[in-house]
Amino acid sequence: APFYTRMTKASVMDSDFSVTYEGHETFGYSEVSGSAKNPDIVYEQVKKEVAHYKQTGFDDDSFERIKRARYASLLHMFNSTEEIANEMICSLFDGANILDYPEICASVTKADVEKRLRDGFNEDNFTLSVIYPLD
């Protein structure tokens with residue numbers, strides 16, 4: 001949240017900023033998206049933020065707060081038959097079971113996340129894609 005707060009207060013990006021992860025058996029990717037007047041500045045700031053957390057790790061309180069929020073978001077998916085159906089199909093193709101997701105999410109440790117950050121976020125693999133309006 002500090003990154004989001006800093007960036008929106010500085011009017012560098014809009015409030016529709018989001019972060020998602022898509023994981024499959026043979027590939028996965030993280031996506032940071034949103035609207036910005038200058039996407040290059042946001043891109044550079046995201047890279048700096050990733051580098052910072054790769055070096056310092058996460059504080060325990062923030063990690064637990066974010067983990068609880070992600071867990072709640074995951075459980076919220078089960079309120080929608082459309083989301084259940086979509087996830088069930090996707091997980092079927094990946095050989096997974098969506099009913100295992102809450103247990104998996106609950107078992108993730110701070111060390112797991114920090115290792116994933118160090119091993120999986122190589123700046124050489126980052127890319128910036130910008131869609132400009134026709135106007």
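The structure we're discussing is the one just above.
Note that the structure is a prediction, hence the values are computed from the model and not measured.

K.L.:
Can you break down the overall build of the protein residue by residue, with the values?
P.N.:
When helices and strands are counted, the protein shows six helices and two strands. Mapped in sequence order, the helices and strands of the protein form the string α-β-β-α-α-α-α-α. The buried share of the protein, taken over its 135 residues, is 17%. Total accessible area computed for the protein in this model is approximately 10200 Å², and 54% of it derives from carbon and sulfur atoms. Considering the protein, the positive charge centre built from 14 side chains and the negative charge centre built from 24 side chains are found 8 Å apart.

K.L.:
Tell me about the pairing of strand E1 (residues 18-23), and please be specific about residues and values.
P.N.:
Inspection of the sheet shows E1 paired to strand E2 (residues 28-33) by six bridges, in the antiparallel sense. Bridge assignment links Ser18 to a residue of E2, and that residue is Ser33. Between E1 and E2, which pair antiparallel in sequence order, lie four residues.

K.L.:
Tell me about the environment of Ala51, residues and numbers included.
P.N.:
Position of Ala51 relative to the elements: it lies in helix H2 (residues 39-56). Expressed as a C-alpha distance, the spacing of Ala51 and Arg118, which sit 67 residues apart in the sequence, is 8.9 Å.

K.L.:
With reference to specific residues and values, describe the packing of helix H1 (residues 2-9) against H2.
P.N.:
In contact at an axis separation of 12 Å, H1 and H2 are set at 155 degrees when each is read in the N-to-C sense. Taken together, the axes of H1 and H2 lie roughly antiparallel to each other. At the point where H1 passes H2, the crossing takes the right-handed sense. In this structure, H1 contributes Phe3, Arg6 and Met7 to the contact, and H2 contributes Val42, Gln45, Val46 and Glu49. Taken together, the residues that form the contact of H1 with H2 break down as four nonpolar, one polar and two charged.

K.L.:
Describe the nonpolar core, listing the residues and the values that go with them.
P.N.:
Listed in full, the nine residues of the largest apolar core are Phe3, Met7, Val12, Met13, Phe17, Val42, Val46, Val50 and Leu117. When residues of this core are traced back to their parent elements, those giving at least two are H1 and H2. By residue number, the principal contributor to this core is H2, which donates three residues.

K.L.:
Account for a nonpolar patch on the surface, naming residues and giving values.
P.N.:
A cluster of nonpolar residues, Leu128, Val130 and Tyr132, forms a patch on the protein surface that exposes about 290 Å² of accessible area. Structurally, Val130 can be placed in the segment after helix H6 (110-120). By relative accessible area, which is 31% here, Val130 ends up partly exposed.

The rules behind each value
- Residues numbered from 1 in each chain as written.
- Predicted model: local features only at pLDDT ≥ 70, side-chain atom pairs only at ≥ 80, totals over all residues.
- Heavy atoms only, no water.
- Helix = DSSP H or I, 4+ residues; strand = E, 2+ residues; numbered from the N terminus.
- Buried < 20%, exposed > 50% of the residue type's maximum accessible area, 1.4 Å probe, protein only.
- Areas by Shrake-Rupley, 256 points an atom, 1.4 Å probe, with all protein chains shown as cover.
- Lys, Arg positive; Asp, Glu negative; His and termini not counted.
- Charge placed at Lys NZ, Arg CZ, Asp CG, Glu CD.
- Pairing = 2+ DSSP bridges.
- Axes fitted to C-alpha atoms, helices over the stretch in contact; angles between N-to-C directions.
- Parallel < 35°, antiparallel > 145°, perpendicular 65-115°, else oblique.
- Left-handed = near helix turned anticlockwise from the far one by under 90°.
- Contact = heavy atoms within 4.5 Å.
- Nonpolar A, V, L, I, M, F, W, Y, C, P; charged D, E, K, R; others polar.
- Core = buried A, V, L, I, M, F, W, Y, C linked by side-chain atoms within 4.5 Å.
- Patch = residues over 30% accessible without salt bridge, like charges linked within 9 Å, V, L, I, M, F, W, Y side chains within 5 Å.
- Salt bridge = Lys/Arg side-chain N within 4 Å of Asp/Glu carboxyl O.

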